[in-house]
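# Structure assessment
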Amino acid sequence: MRISVDQSKCCGSGMCVLTDPDLFDQNEDDGTVVLLVEHPDATHEATAKEAAGLCPASAITIS
Amino acid sequence: MTELISDELPTTRQNPFDPPAEITGIREQARISRLKFADGHLGWLVTGHHQVREILGSPKFTNNPEKHHLLDKRFQGDVPEDKRKAEPGMFLSQDPPDHTRLRKMLQGQFTVRRMNQLSEWIATIVDDQLAHMRSLGNRADLVKEFALPVPSLVICALLGVDYDERHRFQEDTAKMLSLDSTFKEAMDAMARIQDFMRELIARKKANPGGDDMISDLLATGEPTDEEASNMALLLLLAGHETTANMLGIGTFTLLQHPDQLKILKDEPEVIDNAVEELMRYLSIIHFGPVRTATEDVEIDGHLIKAGDTVLMHVPTANRDPEKFPGNPEELDLRRPASGHVAFGHGIHQCLGQQLARIEMRIGFTKLFQDFPDLRLDIAPEEVPLRTDMGIYGVHSLPVAWSS
């Protein structure tokens, strides 16, 4: 699994960090998403998908 | 295909915690149906969860009030056309790129990490307010003594607004949100809060370096004074009125669902999910939000044309069994409730949602820890409901305790 994020779409809701802080963080300046792990291990696959589904701005893609 | 058409939006709630039964009935027939607006416009009523998410997430819809058809003359009467413009800084009513530029100035202040760092401080505010409530004896209005003060104290301190000046915004906020206010009354109330905010911005510019969000915003040099004062107004209003109503009607809900309250007391770790479920179950927006299509767009097989106004009914969408299987009409603190649209969806999704979550988590937990035998002090049917307000909840909640 590969996670990709699009900072230009991100609206800083924080839903990804709330869902899995091991995978996502937020930029201190403008709150936009910072991807911590591009290839999550099996234990984080479900939360990666959940974060992508919850993102209000569709800024997270799973492939 | 014959389309379901509603001549006006049903707003009567048969039960304090449920959306109007008529709208649930509409959702069961059609998650997208037609709704007549006050000016004769045949717009849309959206009651399905998936459909609400799709529209709120689509760049083909605007929240610019100039584009919206007037919903209903029962509320606010006739709106003069020239007064519906989004003012500078009111990013909730703006589209990208203006919205993006303004919201970005604030997003860094509301990150999950920053909000988590406030937990201990918020816990102190909650403790102090609960101690104050106990000092009143054995009964109190929970809204006046707890639900409204806690988020008001929090947002005032975060923004650098003097809480002792709350008389300059609390009553006028109520007038702005009242469905019984005429458009002029609501605009006059907003103008008074704008005056207060302009004074605040001037004071902060004269005394720079304050440790608060507005001082930080001004220090960036990015917003104009007019933008900064309207942004501050938006944060102040959204920061106290919404959470206050969730704490108020959330407490009422838990008191009326003793089996669920027992779960919260016995398993305090359920609180994060309980907050999501209370948000899903109550939604607290009375109806709405509204968007208008800026180009033709097909949603679920329906062609929504450019210029069509769409009313999304969030309380009903949050009870959609397609999204929340089992019995979505029941409060179930253990239900997977994330994905509700009570904070909205799309680029306008609540900026302060992580703050609201922490205020609710700490507020509900400590309230029932400190007052384990809290009970309603009037008959439940006598609790005054905010059916006259855009943000739903309870006007007051008389409660009692013995120890």
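In this report, we go over the structure that sits alongside the text. Not measured: the values here are computed from a predicted model.

Definitions and cut-offs
Residues numbered from 1 in each chain as written. Chains lettered and ligands numbered in written order. Predicted model: local features only at pLDDT ≥ 70, side-chain atom pairs only at ≥ 80, totals over all residues. Helix = DSSP H or I, 4+ residues; strand = E, 2+ residues; numbered from the N terminus. Rg over C-alpha atoms; globule rule 2.2 N^0.38 Å. Buried ≥ 20, exposed ≤ 12 C-beta atoms within 10 Å, placed from the backbone. Contact = placed C-beta atoms within 7 Å. Axes fitted to C-alpha atoms, helices over the stretch in contact; angles between N-to-C directions. Parallel < 35°, antiparallel > 145°, perpendicular 65-115°, else oblique. Left-handed = near helix turned anticlockwise from the far one by under 90°. Nonpolar A, V, L, I, M, F, W, Y, C, P; charged D, E, K, R; others polar. Arc of directions from axis to C-beta.

So, on to the overall build of chain A. Assigned secondary structure in chain A consists of 2 helices and 4 strands. When its helices and strands are written in sequence order, chain A yields β-α-β-β-α-β. For 63 residues, the compact-globule formula gives about 11 Å, and the C-alpha radius of gyration of chain A, at 10 Å, lands near that figure. Viewed in the frame of its principal axes, chain A has a C-alpha envelope of about 30 × 20 × 15 Å. The buried share among the 63 residues of chain A stands at 40%. When contacts within chain A are restricted to residue pairs at least 6 apart in sequence, those whose partners lie at least 24 apart make up 57%.

As a further point, take the packing of helix α8 (residues 170–177) of chain B against helix α9 (residues 183–206) of chain B. Residues and elements named next belong to chain B. The geometry of α8 relative to α9 is characterised by a closest axis approach of 8 Å and an angle of 150° between their N-to-C directions. Judged by the inter-axis angle, α8 sits roughly antiparallel to α9. Where α8 crosses over α9, the two elements pack in a sense that is left-handed. Touching Asp172, Lys175 and Met176 of α8 are Glu185, Ala186, Ala189, Met190, Arg192 and Ile193, all from α9. Tallied by class, residues from the contact of α8 with α9 come to 5 nonpolar, no polar and 4 charged.

For an interface, size is often stated in terms of accessible area lost upon the parts coming together. At the interface, 17 residues of chain A touch 17 residues of chain B. When its residues are assigned to classes, the side of chain A that touches chain B shows 6 nonpolar, 8 polar and 3 charged.

Residues and elements named next belong to chain B. Buried within α8 we find Asp172, Thr173 and Met176. Down the axis of α8, the buried side of the element spans an arc of 105°, and every buried residue falls inside it. The inward-facing, buried residues of α8 abut α9 and α11 (225–256).

In short, geometric facts, not functional conclusions.
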